[in-house]
Amino acid sequence: MSDKPKQLNEDTSFKVSIKSLIAIGAAITTVVGMWFALQADIQEAKELPVIEIPPSDVSRMEFDMKDQLIRQTIMTTQSDVEEIKEDIKRLEEKIDRLRWDH
């Protein structure tokens, strides 16, 4: 064997199977198809109308009123939970007394 590196010229040949050529052709076709589809999507997006978000119509007074209502609801719920806890304690005490009586 010679240690000379091979040089590419018009006499250089290489073998490629038909299967490889078909795979390369399919890959190129797929990439080109995707490119054109992407370009069409970009063009369509450019033609779509711009959707503007309407400005918020919530006034400061309305916000404060809703905030106050939410806070009041939380406080009411908290007092309801405390009442339920008291009821549970009383029920547990009654159950304990009934157990000791029998």
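Anything mentioned here points back to the structure above.
Please give an account of the overall build of the chain that cites residues and values.
For the chain, the helix and strand inventory stands at two helices and zero strands. Relative to the 2.2 N^0.38 estimate, which gives 13 Å for 102 residues, the radius of gyration of the chain is 40 Å and therefore markedly larger than a compact globule would have. For the chain, the spread of C-alpha atoms along the principal axes amounts to about 110 × 55 × 30 Å. Looking at the 102 residues of the chain, the share that counts as buried comes to 0%. Summing over all exposed atoms, the chain offers an accessible surface of approximately 10,900 Å²; the carbon and sulfur share of this is 62%.

Give me a nonpolar patch on the surface: which residues, what numbers.
A cluster of nonpolar side chains, namely Ile24, Ile28, Val32, Trp35, Phe36, Leu38 and Ile42, defines an oily patch on the protein surface of about 700 Å² accessible area. With relative accessibility at 51%, the residue Ile28 sits in the exposed group.

Outline a negative patch on the surface, supporting the account with residue identities and numerical values.
A contiguous patch of negative charge on the surface is contributed by Asp80, Glu82, Glu83 and Glu86. Tracing the backbone through its elements, the reader meets Glu86 in helix α2 (residues 60–101).

Break down the pattern of salt bridges for me, with residues and values.
Pairs can form between side chains of opposite charge whenever their charged atoms are close. Counted under the stated rule, the structure contains four salt bridges. The salt bridge involving Arg60 is made with Asp64; its shortest N-O contact spans 3.5 Å. With Arg60 and Asp64 both in helix α2 and four residues apart, the pair spans about one turn of that helix. Measuring nitrogen to oxygen at the nearest pair gives 3.5 Å for the salt bridge that ties Glu62 to Lys66. Residue Glu62 and its partner Lys66 are located together in helix α2, separated by four residues, close to a single helical turn. Residue classification places Glu62 among the partly exposed positions, given a relative accessible area of 33%.

Give a description of the environment of Lys4 that names residues and reports values.
Mapped onto the fold, Lys4 is located in the segment before α1 (18–47). Between the C-alpha atoms of Lys4 and Lys19, which are 15 residues apart in sequence, the distance is 32 Å.

Basis of the calculations
Residues numbered from 1 in each chain as written. Predicted model: local features only at pLDDT ≥ 70, side-chain atom pairs only at ≥ 80, totals over all residues. Heavy atoms only, no water. Helix = DSSP H or I, 4+ residues; strand = E, 2+ residues; numbered from the N terminus. Rg over C-alpha atoms; globule rule 2.2 N^0.38 Å. Buried < 20%, exposed > 50% of the residue type's maximum accessible area, 1.4 Å probe, protein only. Areas by Shrake-Rupley, 256 points an atom, 1.4 Å probe, with all protein chains shown as cover. Patch = residues over 30% accessible without salt bridge, like charges linked within 9 Å, V, L, I, M, F, W, Y side chains within 5 Å. Salt bridge = Lys/Arg side-chain N within 4 Å of Asp/Glu carboxyl O. Lys, Arg positive; Asp, Glu negative; His and termini not counted. Charge placed at Lys NZ, Arg CZ, Asp CG, Glu CD.

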